[in-house]
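Descriptive analysis of the structure
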Number of protein chains: 2
Amino acid sequence: MNRAVALAPPFLAACRREPVERTPVWMLRQAGRYLPEYRALRERHDFLTLMRTPELAAEVTLQPLRRFPLDAAILFADILTPIEGWDLGLSFAPGPVLERPIRAAADVDRLPTVSSAESVPYVFETVRALAAELPETTPLIGFGGAPFTLFCYLVEGKGSKSFARAKAFLWSEPEAAARLLDRLADSAIDYLSGQARAGARALMLFDSWAGLLGPDDYARFARPPVEKILAALGPLGVPRIYFPHQGATLLGEVATLPLEVVAVDWRLPLSKVRAVLGPGIAVQGNLDPAALFAPPAELDRAIDRVLAEAGPAPGHIFNLGHGVEPATDPGQVARMVERVHRRSAQGEQP
Amino acid sequence: MNRAVALAPPFLAACRREPVERTPVWMLRQAGRYLPEYRALRERHDFLTLMRTPELAAEVTLQPLRRFPLDAAILFADILTPIEGWDLGLSFAPGPVLERPIRAAADVDRLPTVSSAESVPYVFETVRALAAELPETTPLIGFGGAPFTLFCYLVEGKGSKSFARAKAFLWSEPEAAARLLDRLADSAIDYLSGQARAGARALMLFDSWAGLLGPDDYARFARPPVEKILAALGPLGVPRIYFPHQGATLLGEVATLPLEVVAVDWRLPLSKVRAVLGPGIAVQGNLDPAALFAPPAELDRAIDRVLAEAGPAPGHIFNLGHGVEPATDPGQVARMVERVHRRSAQGEQP
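Owing to the predicted nature of the structure, the values given are computational and were not obtained by experimental measurement.

**A look at the overall build of chain A**
Helix and strand counts for chain A come out as 16 helices and 9 strands. Taken over C-alpha atoms, the radius of gyration comes to 19 Å for chain A, in line with the 20 Å a tight globule of 350 residues would show. Each principal axis of the C-alpha atoms in chain A carries an extent, and together these give about 65 × 45 × 40 Å. The buried share of chain A, taken over its 350 residues, is 53%. When contacts within chain A are restricted to residue pairs at least 6 apart in sequence, those whose partners lie at least 24 apart make up 72%.

**As for the packing of helix 9 (residues 147-156) of chain B against helix 11 (residues 174-198) of chain B**
All names here are of chain B. In contact at an axis separation of 9 Å, helix 9 and helix 11 are set at 120 degrees when each is read in the N-to-C sense. Our classification of the angle between helix 9 and helix 11 gives oblique. In the packing of helix 9 onto helix 11, the handedness of the crossing is right-handed. Between helix 9 and helix 11, the residues in contact are Pro-147, Phe-148, Leu-150, Phe-151 and Leu-154 and Leu-180, Leu-181, Leu-184, Ala-185 and Ala-188, respectively. Grouping the amino acids of the contact of helix 9 with helix 11 by side-chain chemistry returns 10 nonpolar, no polar and no charged.

**Examining the interface of chain B and chain A**
Taken residue by residue, the interface counts 24 residues in chain B and 24 residues in chain A. For the side of chain B that touches chain A, the secondary-structure elements that each account for two or more residues are helix 10 (164-172) and helix 12 (215-233) of chain B. Residues that form the side of chain B that touches chain A fall into these classes: 13 nonpolar, 4 polar and 7 charged.

**Focus: the relation of the copies chain B and chain A**
Once chain B has been moved 0.0 Å along the axis and rotated by 180 degrees, it coincides with chain A to within an RMSD of 0.0 Å. Here the symmetry operator amounts to a two-fold rotation axis. The C-alpha atom lying nearest the rotation axis in chain B is that of Lys-161 of chain B; the distance is 3.3 Å.

**Digging into the sheet that holds strand 6 (residues 240-244) of chain B**
Residues and elements named next belong to chain B. An order of 1-4-5-6-7-8-9 is seen for the 7 strands of this open sheet, with the pairing classed as parallel. The open sheet has two edge strands with one neighbour each: strand 1 (73-74) and strand 9 (316-320). Note that strand 5 (residues 202-207) and strand 6 share 5 bridges and pair parallel. Bridge assignment links Asp-207 to a residue of strand 6, and that residue is Pro-244. Its contacts with the sheet place helix 11 against strand 4 (140-145) and strand 5, and it is angled at close to 170 degrees to strand 4. Set on the sheet, helix 15 (residues 296-310) makes contact with strand 8 (282-287) and strand 9; between it and strand 8 the angle comes to about 160 degrees.

**Focus: the pairing of strand 9 of chain B**
Residue and element names in this part refer to chain B. Within strand 9, 5 of the 5 residues are buried, leaving the element largely enclosed by the surrounding structure. Burial along strand 9 is two-sided: the residues His-316, Phe-318 and Leu-320 and Ile-317 and Asn-319 are all buried. With 5 bridges connecting them, strand 8 and strand 9 associate as parallel partners. Directly across from Gln-284, in strand 9, lies its bridge partner Ile-317. Taken together, strand 8, helix 15 and strand 9 constitute a β-α-β crossover, and its handedness is right-handed.

**Observations concerning unusual backbone geometry**
Peptide bonds are trans in most cases, and residues, glycine excluded, mostly fall at negative phi. Residue Ala-93 of chain A is joined to Pro-94 of chain A through a cis peptide bond whose omega torsion reads -10 degrees. Looking at the element boundaries, Pro-94 of chain A is found in the loop between strand 2 (90-92) and strand 3 (96-98). That bond from Gly-285 of chain A to Asn-286 of chain A is cis: its omega, -5 degrees, falls within 30 degrees of zero. Note on placement: Asn-286 of chain A falls in strand 8 (residues 282-287). Backbone geometry places Arg-29 of chain B, a non-glycine residue, at a positive phi of 60 degrees. Take Arg-29 of chain B: it is sitting in the loop between helix 2 (10-15) and helix 3 (36-44). Owing to 18 C-beta atoms within 10 Å, Arg-29 of chain B belongs among the partly exposed residues under this scheme.

**Things to note about the environment of Arg-267 of chain B**
Examined against the element boundaries, Arg-267 of chain B turns out to sit in the loop between strand 7 (261-263) and helix 14 (270-277). Residue Arg-267 of chain B is classed as buried on the basis of its 27 C-beta neighbours within 10 Å. Each residue touching Arg-267 of chain B, except ones within four places of it in the same chain, is listed here: Gly-214 and Thr-249 of chain A together with Gln-246 and Ala-248 of chain B.

**What about the confidence of the model for chain A?**
Residue and element names in this part refer to chain A. Averaged over every residue, the pLDDT of chain A is 95; residues scoring 70 or more account for 97%. Low pLDDT, under 50, characterises residues 1-5; the stretch is placed with 7 contacts to residues that sit more than four places away or in other chains. Across the whole predicted complex the pTM is 0.95, and at the interface the ipTM reaches 0.93.

**Side note on the sheet that holds strand 1 (residues 73-74) of chain A**
Residue and element names in this part refer to chain A. What the 7 strands build is an open sheet, ordered 1-4-5-6-7-8-9; its pairing is parallel. Each having just a single partner strand, strand 1 and strand 9 (316-320) make up the two edges of the open sheet. Here 3 bridges tie strand 7 (residues 261-263) to strand 8, and the two strands are oriented parallel to one another. Its bridge partner lying in strand 8, Val-262 is registered against Val-283. Docked against the sheet, helix 15 (residues 296-310) engages strand 8 and strand 9, running at close to 160 degrees with respect to strand 8.

**Let's talk about the pairing of strand 5 of chain B**
Residues and elements named next belong to chain B. Across the 6 residues of strand 5, 6 count as buried, placing the element largely inside the fold. Residues Ala-202, Met-204 and Phe-206 line one face of strand 5 and the alternating positions Leu-203, Leu-205 and Asp-207 line the opposite face, and both faces are buried. Of the pairings in the sheet, the one linking strand 4 to strand 5 comprises 5 bridges and is parallel in character. Following the sheet pairing, Gly-144 is matched in strand 5 by Leu-205. As for the winding sense of the linkage, the β-α-β connection from strand 5 through helix 12 to strand 6 is right-handed.

The rules behind these values
Residues numbered from 1 in each chain as written. Chains lettered and ligands numbered in written order. Predicted model: local features only at pLDDT ≥ 70, side-chain atom pairs only at ≥ 80, totals over all residues. Helix = DSSP H or I, 4+ residues; strand = E, 2+ residues; numbered from the N terminus. Rg over C-alpha atoms; globule rule 2.2 N^0.38 Å. Buried ≥ 20, exposed ≤ 12 C-beta atoms within 10 Å, placed from the backbone. Contact = placed C-beta atoms within 7 Å. Axes fitted to C-alpha atoms, helices over the stretch in contact; angles between N-to-C directions. Parallel < 35°, antiparallel > 145°, perpendicular 65-115°, else oblique. Left-handed = near helix turned anticlockwise from the far one by under 90°. Nonpolar A, V, L, I, M, F, W, Y, C, P; charged D, E, K, R; others polar. Least-squares fit on C-alpha atoms with pLDDT ≥ 70 in both. Pairing = 2+ DSSP bridges. Right-handed = clockwise from strand over helix to strand, strands pointing away. pLDDT = per-residue confidence, 0-100.

The structure is reproduced here in structure tokens:
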């Protein structure tokens, strides 16, 4: 065994493109409804109570780790959590709904300045509890929503397929839109650096709606606040993971962001992702969550394909390309985790 | 003036990559809610009545052509129209809802065989009425939904962001899924060739959910029935347009389909689309419909960018990358059509 391998948890080593004995694996929404123990907790507590009560949020975060030898934990929270203090009447029904969405330049200028330590102290308590509880080998990932994605909800006022109103606001009020995106960047810096100080050992920025923009508009509107956040987080020394969902055509822009890891969905094979990003960036992904419904032999083939596409170079964290579906059989997840570990360990032996 | 230019309507010439005096333009959902005259009709008739009454469907189809010098008309219908005879309890609320979705292999084998001439005769009456009414220079485009897209609705039973249940069916029941996709291909061949015989002068296949699949699964599940349809339509001699929505990563697969035109959304600039498709395929697109909310000078720049990306080679039909939004100002549409015509005509002069 190589000394470099022994020093860091496999997840952190892979983020830094260091060699690992076996490919680390975790799963988007690994703490969630596909687990009977999560559903049992949800019968006793609503979603917001789970999220806002540090002991419960920590318990939910830990549930999948008791079942599967996952290589990372991820904070149980919502991407809209950091704007809870913005007085927009945010609730979950179950998707996010804002009573007072942002519809005009004046709405942007009226937003209060409030630190996340004041508005959502429970997040940092949860992170501290988890950092104390988790073994050294299983780092906690902190996370938040990227500015354009939060912008979509703030302007649209709810979930949407096309976020047409939010995109129209970008074009009709470009200056106000840029101010709002910059405010969201500052909020994310405060929120994510607070998580790192509380014990998160990696930080992930979810840009769930990046794929609604073409490359020109992404470069103009969505990328600048992401770059601001990632640059500000750099001095913290924790790996920065960025997930531009449905962002296959944006990877040329993403490749020049200051970050360690790009997470990708399943729409582009990892060999092509790596070709665009270059050797200096690790990749995270990208099994289609639908593959977890396949018969075992077919699931195995799909897993092996992802590993083969990732190739032998260091810097691959196995994950799904999107959150695990609630109807997924946990037995299939166990099979996936076991196979990723076993096959990738074999792959290193000649 | 060049004789070749004078012979065919610009839309059909561009589909065949013949030179045109100015770039033809039409718009996805050009007959629809952004037009006050459409909303006035909808106040008196529900959506299904509009679609199923040939005089009304023809009237709706013609409305945008009375306002704007568009280069093509498109049949007013729904992508699910051809499966109305399949006894699945289809209704619109306003999105499609199926009372009896397909959930098992046995459901596939129970589907009735019914021709579209029997189940939706009103479609062909509408096409005949329009073919008689439209000027020679404004061809009517017939259309239908691609098999994987219809499959998504048939299995899910309603609209969805991820169509997780439909995708799970692909993986858990691959043989039954392939049978259903093949049945949908046969239905589309019957439906689309019937439209061409009734007077449609081009045919467009909408694959609205193609982008939910990665390239491997697209090649395995979605592409074969599309290829079957396009090959069967070839002998009709009308241009075949295929629209793999959010399909930027699928264009390598699409490039080898038997077709004349690929329609694309705004996520990939047309120069890159053309580079993947090669010189033998015309392209249709790809302004982001959100750009129609921009101030006039900015809208103009966005239009000019699309024209510049399409380049000077023949074979470009200007369009949006997705349906026009209901809140769009018709004045902005007029501006777009005028500018596309004027700028592209200037572009041909040295």
